[in-house]
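Each chain, written out:
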Amino acid sequence: MQPNKYLYFNPFRIGSVSFELVFDDVLKILNLEPNSKVTILTCNGFLKNCSTNIEGSKLKCSLCSMSSNHLFKKYKHQRIKIIDLGKFSHKKIENEFNYNSLDDIKKIDYKGVNIGMGVVSSLVSYTRNLELNFNKTSQHIINNLIFSNCKLIESLNNLGLDYKDYKIKVFNGRFSELRTFFNYFRGKVNTLEFVYTKTKNEIKRVEFSNSLPHSIEENTKKILLNWNSKDEIIRETLSKDFFESKLNNTAFNDTNYTKNQVKNALPEKFDDSKINISYFVSSEDEVYAIGGRWDEDKLFEKQIDFLSFWITNFKNMDNYHLYVRMHPNLKGLAFDYVKDYYNYNLDNISVIEPSSKVSSYKLMFESNIVIVSSSSIGFEANYFDKPVIQIGANFYSDLEITHKPKNLNDLKKMILNKNLKSNNKIDSMKMALYLTCPPFEEFQVLNSIFGINKFFGYNIRYSLNYPKYYKILNVLFRVFSLKSFLFKIKIKKFI
């Protein structure tokens, strides 16, 4: 039997969780498969503009390259081959890319590979703006990211490896060069992702086969396998503990967005004699550039478009009231896609601002129907016997948790249906168990001093034994990086 060959793309610096995740996976393979070989593709600064260095800071780029090179020089393994992709990028990119919107950028291809989706994902994640102004500054940044991804494709084309012989892996696969790498090997690349469980001190690794970590289908498979692998008492106890913790404002694996809300606080003039509908608005930027079903399953192009639907169909129905609960994560954003909601405080619509002390859970309990797009509160509401209408995509979309209208007429009928019931809470418990106790791997080797010393010669997680000059430069960069500081000021002019 031929030994396996693995190919990783690792453009990250030592000290980042993504770096640790990739190398822990490499260590696992070396330990479990004595004859397997690993090839790691590194950036070494040739991309210049990437998902972690959008501004193209030469200092940041140099520090990233310096830390990685320090590791690779300090340790060599006969079954690991390090390849600097910059040595294979020879062609000057002369293509012209025309665009007038983020949607235009999403569609940009280079030599048959989509590079635009990753560029938009990085831009939106960095700025949180869905309506960029295309001026000299923004176009310079966007063009640099586009050309960096073109260079990546050129390098992969020139590398001379027979890729069909390799098992290929990349971290995340969503942002800029990572998405381009994923798209280049479409159909034959696994993505690695890390998740925080219970508290941010517990990190686990998960691998998705031939898909992004955001794949609804792949997550559904893992949700079901996880549920079926647990003892009945354990899964019931853990899932119930999840819901109790959420009600008590205890975060499980993410930021606790309800911690500043007042328990049992309802909107002013809340009238329980009416049919109250709560609409939980998500952070739209978080799912803007994933693609696939996250676009296809949307009943409305934008979440705010539901409010126009409501006005058309329910404006004169005084016995109905819509409460629009904006996600707390939108607090402080002054973009139009956020501020436009405030124009909808009408007779039977109340908009609850992100900073409001109103309790999301009290509002959920007092509502006759809960409507969500990509909000996690959908599966929580169903658990607490609230009928939930879903008008967008979510990780629980393929579970029997919500009511999913096929069209606007269906949506209207569901809202008017006074007998609309919640679904079986078992699938909500499956989702809760998946978040509470996912079937993912711990960083086994990086948590082992022997494993770390064996590979790195020092503990990269806690001592980070860099040369002194690197530590000094790193501190100076983080505190006094003039270019990054000016960039953050400058970028606000176009976001």
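Located above this text is the structure these notes cover.
Residues numbered from 1 in each chain as written. Predicted model: local features only at pLDDT ≥ 70, side-chain atom pairs only at ≥ 80, totals over all residues. Heavy atoms only, no water.

**Notes on helix 6 (residues 176-184)**
With eight of nine residues buried, helix 6 lies mostly within the body of the structure. Regarding helix 6, the residues found buried are Ser-176, Glu-177, Leu-178, Arg-179, Thr-180, Phe-181, Phe-182 and Asn-183. (Buried < 20%, exposed > 50% of the residue type's maximum accessible area, 1.4 Å probe, protein only. Helix = DSSP H or I, 4+ residues; strand = E, 2+ residues; numbered from the N terminus.)

**Brief notes about the pattern of salt bridges**
Any two side chains of opposite charge can pair if their charged atoms end up close together. Per the stated rule, a full pass over the model turns up 18 salt bridges. Between Asp-25 and Lys-169 there is a salt bridge whose closest N-O contact spans 2.9 Å. Here Asp-25 is found in helix 1 (residues 17-32), whereas its partner Lys-169 is found in strand 6 (residues 167-171), with 144 residues between them in sequence. Comparing Asp-25 with Lys-169 shows no difference in burial state: the two are buried. The salt bridge partner of Glu-218 is Lys-221, with a shortest N-O separation of 3.3 Å. In this pair, Glu-218 and Lys-221 both sit in helix 7 (residues 216-229), three residues apart, roughly one turn of the helix. (Salt bridge = Lys/Arg side-chain N within 4 Å of Asp/Glu carboxyl O.)

**Observations concerning the pairing of strand 2 (residues 37-42)**
It is a general feature of regular strands that their side chains alternate between the two faces of the sheet. Buried residues dominate strand 2, accounting for five of its six residues. Where strand 1 (residues 5-9) and strand 2 come together, five bridges link them in parallel fashion. Paired with Leu-7 across the two strands is Thr-39, which belongs to strand 2. Relative to strand 3 (residues 80-84), strand 2 is paired through five bridges, and the arrangement is parallel. Paired with Thr-39 across the two strands is Lys-81, which belongs to strand 3. (Pairing = 2+ DSSP bridges.)

**Some words on the environment of Arg-13**
Inspection of the secondary structure puts Arg-13 in the loop between strand 1 and helix 1. Given a relative accessible area of 29%, Arg-13 falls into the partly exposed group. Placed 51 residues apart in sequence, Arg-13 and Cys-64 show a C-alpha to C-alpha distance of 4.8 Å.

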